[in-house]
Amino acid sequence: MVADSDELLKRELIDEVGIQITSEGGDDIYLRIFPDGSAEDQLPWDLGGLTFKHRGLSFGSNDAAYFIVEGGIEKPIMALELTDALNRGSRGNAQYQRFHHALGSVRNGVIGVYYLKEGDNEVQPDLYKMALSAWDIHETPYIISQDFDEIKTLLKLWSHHPTPQYQAHLNSIKKNMQTIFDEAFERRYGSDWSVFSRKRSTIIHDSFIIKYSGRWIKNFTDGSQRAGHIAVGEMYLSLYLFPNKKLYYLWPKMTEDEVKYLNQTKANDKEWSLLSQENRVTIMTRDNIRNLPREVVRDLEAVSHLPGKGEALKIYNRCIKFIVSGLRDGSLSIF
Amino acid sequence: MREIDAEMFLEIMRVNTDFKLVETPLGTCVEMDWANAFCFAYCTDSTYLDCHVYPFTPGRGQLQLTNQALSINITGGNMFDGELVKFSPLKWCEGGKHYMFQGTKFILPVQTESKLPTAEIKALRENWIHELNNYPEIDSTDFVLMQIETKKKGNGMEKFLEYLACYHFRERGWVVDNQLTISYDEGTPDFTAFKDDGCDEGYFLVEIMLEFAGHQINQVHRNIVRSIVGEAKTGSTVFEGQLDKYLNTGYFNNGFGLLTQHKELARGDIGLVSIDEDYNLVLLNTDTNHRDTALQEAYFTWFTNLQTCYQLLNGDDNTVFEFVQNIR
């Protein structure tokens, strides 16, 4: 348990990068930022906030953004999501949960920065690959950073017409991100995606992947649970690690009716909207698994409203082992 | 439900504190010495007029040394960064914010009315900084802005109530604070106070960290024998459930609700701090003692150590770290 770190990180940003920067090209760059407790960051950029929309989807709000003024209009050039998660006991998915915040800006052609302050834990190397994929797909830099200096340098070099120095700095950042991912991927998975898939609840096919998970309806209906955020993080992890494949997000503890219920009741929920409306993603439930034996369905029904622990976890693990094996050898399918 | 606006704020301060109301180029303000202004800004998250974009406050949890009662560790709070002290009044002073630790300050209530209060107050700050250029005898950093957001529940004035309770009990010889976390589950009480019956003078806990700037606490309360806790509410009068969480820890003798107006309490085991029609702070006490002697003793030992840490933050970083290592 730790104290709230929002103010701490915003102060560091202001002290180390600044509230106003004049680029080498002579452009004045300003900072948009709100104090903790303000809800204005939830507003879209055009209405004065720090949230970006893309194709009707509203992504998470950012902590700050740098902008220029053109014709009296504030135009964003870089949005930043800041976290002290590495000092707050976060080794895993809490890091992925916030990936989509800066992704919103990247999808709008605005540089996204996900800054993870150095701490006791390491940045999940997958984050670098996710950001690199987003960078390539959306042709806009998505930077995972632990160094405000490199961000400040980028802003100093920023120009309407990118200079060779600016491009070289960006290339250096990108190369560094790629190296971190490649080295970790070699270390953890021997650079083999099939090893990755076995260890990371993923089944890889030529044109699609299946990511399976023990989500249950309470994860989305109980406000005290952060599972909606976690599910979004996992979804973007899969989407951007496999940028050319369709993602089937499989939740065997849930039914089609439950997903329909969430579609009706959570239509305005930011996380649910991202999960249910992302282009390359389809949510699948046990109702979508063809040839699933009746006894496996019965077992899943028995644990579908229980948290994943104790006997319920054992039963679920037995079921998921059967399902994964079937989906791999073709005895089961989700089409 | 009565909400505190700018006019009421000034009147409440005039009636309940020793501070004067004065006219300034920016309007009517509450005049304070720098140490009192620091405590006010700390308690209420009010900001010094040092910048129009993101002005500085010593509040917002930056001086939280730990986030868990009975525990002092380097990574739990916000003050330490690795083996360095990141935030402390001394560090701020050394880092260029010396203006907080000198002279007279003016607390200016600023009422924002729009749905974009940050943009509204940002524009005001920019104008005021510009306007104060016409007054070479006044620095913009002499002003501390207390934002009153009319679009927020209770005008966002909960922290002002906390400050009032702190001020009231400090004047009666207690050590007071509004940012001492008990635990993640129990939360952070809006008001806590501690008393050593051998000490007459009270102080804000954070005043201990101002020694480096010449602000002396004559007698630090070391032999704490009593503690009280409060839950503040504006925009609502229901505080009992949260207050019970604090009282159930056994750390506190008495508990109070802090409200902007009187409320008939349905029970006799808790007290009330409220503001009457003439803006006087009214204390309704309670005799019920909620403490668990053994648990409270541990809590007081922890609090005494916390005070020592704060004292050491007037000096070099190593001494604080050594102390923390020794008591863990």
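Residues numbered from 1 in each chain as written. Chains lettered and ligands numbered in written order. Predicted model: local features only at pLDDT ≥ 70, side-chain atom pairs only at ≥ 80, totals over all residues. Heavy atoms only, no water.

Undergrad: Honestly, the overall build of chain A in this entry has me stumped. Any pointers?
TA: Counting its regular elements, chain A contains 13 helices and 12 strands. Relative to the compact-globule value of 20 Å for 335 residues, chain A shows a C-alpha radius of gyration of 21 Å, a close match. Along the three orthogonal principal directions, the C-alpha set of chain A runs to about 70 × 40 × 35 Å. Burial statistics for chain A: of 335 residues in total, 55% are counted as buried. A sequence separation of at least 24 residues applies to 67% of the contacts in chain A between residues at least 6 apart. Surface exposure of chain A reaches about 14700 Å², of which carbon and sulfur atoms provide 45%. (Helix = DSSP H or I, 4+ residues; strand = E, 2+ residues; numbered from the N terminus. Rg over C-alpha atoms; globule rule 2.2 N^0.38 Å. Buried < 20%, exposed > 50% of the residue type's maximum accessible area, 1.4 Å probe, protein only. Contact = heavy atoms within 4.5 Å. Areas by Shrake-Rupley, 256 points an atom, 1.4 Å probe, with all protein chains shown as cover.)

Undergrad: Even after reading the chapter, I still don't get the overall build of chain B, so can you show me in this structure?
TA: The secondary structure content of chain B amounts to 8 helices and 14 strands. For chain B, the C-alpha radius of gyration of 20 Å lies close to 20 Å, the compact-globule estimate for 328 residues. For chain B, the C-alpha atoms occupy an extent of roughly 60 × 50 × 35 Å along the three principal directions. Counting every position in chain B, which comprises 328 residues, the buried fraction comes to 59%. For chain B, long-range pairs separated by at least 24 residues make up 67% of all intrachain contacts whose partners lie at least 6 apart in sequence. Summed over all atoms, the accessible surface of chain B reaches about 13000 Å², with 44% contributed by carbon and sulfur. Chain B carries 26 positive and 48 negative side-chain charges, and their two centres are separated by 4 Å. (Lys, Arg positive; Asp, Glu negative; His and termini not counted. Charge placed at Lys NZ, Arg CZ, Asp CG, Glu CD.)

Undergrad: What is the right way to read the interface of chain B and chain A from this model?
TA: Think of interface size as the accessible area that goes away when the parts come together; that is how it is often given. Residue-level contacts link 27 residues of chain B with 27 residues of chain A. Where chain B abuts chain A, roughly 2100 Å² becomes buried across the two surfaces, and 55% of that area is made up of carbon and sulfur atoms. Taken together, the links from chain B to chain A amount to 3 salt bridges. Linking Asp81(B) and Lys117(A) is a salt bridge whose minimum nitrogen-to-oxygen distance equals 3.0 Å. (Buried area = accessible area lost by both parts, 1.4 Å probe. Salt bridge = Lys/Arg side-chain N within 4 Å of Asp/Glu carboxyl O.)

Undergrad: Is there a simple way to explain the sheet that holds strand β7 (residues 143-149) of chain B in this structure?
TA: Adjacent strands of a sheet pair through backbone hydrogen bonds, lying either parallel or antiparallel. Residue and element names in this part refer to chain B. Taking strand neighbours across the sheet as the criterion, the 5 strands line up as β1-β2-β6-β7-β3 in an open arrangement whose pairing is mixed. If you trace the sheet from one side to the other, it starts and ends with β1 (20-24) and β3 (47-48), each paired once. In this structure, strand β2 (residues 27-33) lies alongside strand β6 (residues 104-112), joined through 4 bridges in antiparallel fashion. Note that in β6 the partner of Val30 across the bridge is Ile107. Running over the sheet, helix α2 (residues 34-44) touches β2, β3, β6 and β7 and is turned about 110° from β2. (Pairing = 2+ DSSP bridges. Axes fitted to C-alpha atoms, helices over the stretch in contact; angles between N-to-C directions.)

Undergrad: I would appreciate a short explanation of a negative patch on the surface in the present structure.
TA: A surface patch of negative charge is lined by Asp15(A), Glu16(A), Glu118(A), Asp147(A) and Asp149(A). Tracing the sequence through the fold places Asp15(A) in helix α1 (residues 6-16). (Patch = residues over 30% accessible without salt bridge, like charges linked within 9 Å, V, L, I, M, F, W, Y side chains within 5 Å.)

Undergrad: What is the right way to read helix α9 (residues 227-241) of chain A from this model?
TA: The periodicity of an α-helix, 3.6 residues per turn, causes residues three or four places apart in sequence to face the same way. If you check α9(A), its first and last C-alpha atoms are 21 Å apart, about what 15 residues at 1.5 Å a residue would give, namely 21 Å. Of all 15 residues making up α9(A), 14 are buried, and the element is well covered by its neighbours. (Expected span 1.5 Å × (residues − 1).)

Undergrad: Could you clarify how one ought to interpret the layout of surface pockets in this entry?
TA: Once rolled over the atoms, a probe with the size of a water molecule shows which space is left empty. Estimated volume of the largest pocket: approximately 1300 Å³. Contributing to the lining of the largest pocket are 49 residues, with Asp36(A), Gly37(A), Asp45(B), Arg60(B) and Lys159(B) lying nearest its centre. Among the secondary structure elements, those contributing two or more residues to the lining of the largest pocket are α4 (117-131), β7 and α5 (158-171) of chain B. Taken together, the residues that form the lining of the largest pocket break down as 15 nonpolar, 20 polar and 14 charged. (1 Å grid on protein atoms, 1.4 Å probe; cavity = no way out; pocket = protein on both sides within 12 Å on 5 of 7 lines; lining within 4 Å. Points joined across faces, edges and corners; volume = space filled by probe spheres on them. Nonpolar A, V, L, I, M, F, W, Y, C, P; charged D, E, K, R; others polar.)

Undergrad: Mind showing me how you'd approach the environment of Thr57(B) here?
TA: Residue and element names in this part refer to chain B. The residue Thr57 is located in the loop between β3 and β4 (80-81) in this model. Once the C-alpha coordinates of Thr57 and Val282 are considered, the two residues, 225 residues apart in sequence, prove to be 29 Å apart. A polar contact is formed between the side chain of Thr57 and the backbone oxygen of Ala41, at a distance of 3.5 Å. (Polar contact = N/O pair within 3.5 Å; in protein donor to acceptor, adjacent residues only side chain to side chain.)

Undergrad: Can you walk me through the nonpolar core in this structure?
TA: Across soluble globular proteins, nonpolar side chains have a tendency to be buried as a group. Grouped together as the largest cluster of nonpolar side chains are 176 residues, with contacts concentrated most on Tyr66(A), Tyr236(A), Phe9(B) and Phe160(B). Sorting elements by how many residues they give to this core places α2(B) first, with 9 residues. Excluding residues within four positions of it along the chain, Phe9(B) makes contact with Ile4(B), Val30(B), Phe40(B), Ile107(B), Pro109(B), Met146(B), Ile148(B), Met157(B) and Phe160(B). Formed by 23 residues, the second largest nonpolar core is a distinct cluster that contains Ile210(A), Tyr248(A), Leu332(A) and Ile334(A). (Core = buried A, V, L, I, M, F, W, Y, C linked by side-chain atoms within 4.5 Å.)

Undergrad: What is the right way to look at the sheet that holds strand β5 (residues 64-70) of chain A in this model?
TA: All names here are of chain A. Taken together, 6 strands build an open sheet; the order of strands is β1-β2-β5-β6-β7-β8 and the sheet is mixed. For this open sheet the edge positions go to β1 (20-22) and β8 (142-145), each flanked by a neighbour on one side alone. Pairs of neighbouring strands in the sheet enclose a mean axial angle of 25°, with direction left out of account. One ladder, built from 4 bridges, connects strand β7 (residues 111-116) with β8; its direction is parallel.

Undergrad: So what exactly am I meant to see when it comes to the pairing of β7(A) here?
TA: Sheet faces and side chains relate simply in a regular strand, where the side chains alternate between the two faces. Residues and elements named next belong to chain A. Counting buried positions along β7 gives 6 out of 6 residues, so the element sits mostly inside the fold. The alternating pattern of β7 places Ile111, Val113 and Tyr115 on one face and Gly112, Tyr114 and Leu116 on the opposite face, and all of these are buried. Of the pairings in the sheet, the one linking strand β6 (residues 73-83) to β7 comprises 6 bridges and is parallel in character. Along β7, the bridge assignment pairs Thr83 with Leu116. Regarding the hand of the β-α-β motif, the stretch spanning β7, helix α4 (residues 125-138) and β8 is right-handed. (Right-handed = clockwise from strand over helix to strand, strands pointing away.)

Undergrad: What exactly am I supposed to notice about the environment of Leu272(B) here?
TA: All names here are of chain B. Mapped onto the secondary structure, Leu272 falls in strand β13 (residues 271-275). Classification of Leu272 by relative accessible area gives buried; the value is 0%. For the pair Leu272 and Thr260, spaced 12 residues apart in sequence, the C-alpha to C-alpha distance is 10 Å. Leave out the neighbours within four places in its chain, and Leu272 touches Phe239, Phe256, Gly257, Leu259, His262, Lys263, Leu265, Val282, Leu283 and Leu284.

Undergrad: Quick question: what am I supposed to make of the packing of α4(A) against α9(A) here?
TA: The relative placement of two packed helices is expressed as an angle between their axes plus a distance between the axes. Residue and element names in this part refer to chain A. Running from N to C, α4 and α9 cross one another at 60°; their axes reach a closest spacing of 8 Å. Taken together, the axes of α4 and α9 are oblique relative to one another. Between α4 and α9 the crossing geometry is left-handed. Contact residues: Asp126, Lys129, Met130, Ser133, Ala134, Ile137 and His138 in α4; Gly233, Tyr236, Leu237, Tyr240 and Leu241 in α9. Split by residue class, the contact of α4 with α9 holds 7 nonpolar, 3 polar and 2 charged. (Parallel < 35°, antiparallel > 145°, perpendicular 65-115°, else oblique. Left-handed = near helix turned anticlockwise from the far one by under 90°.)

Undergrad: Would you mind going over the packing of α2(B) against α5(B) with me for this structure?
TA: Residue and element names in this part refer to chain B. It is at 8 Å that the axes of α2 and α5 come closest, and there the two elements cross at 135°. Here α5 runs oblique to α2, going by the angle between their axes. As for the relative orientation of α2 and α5, their crossing is right-handed in sense. Mapping the contact onto sequence places Asn36, Cys39, Phe40, Cys43 and Thr44 in α2 and Lys159, Phe160, Tyr163, Cys166 and Arg170 in α5. Split by residue class, the contact of α2 with α5 holds 6 nonpolar, 2 polar and 2 charged.

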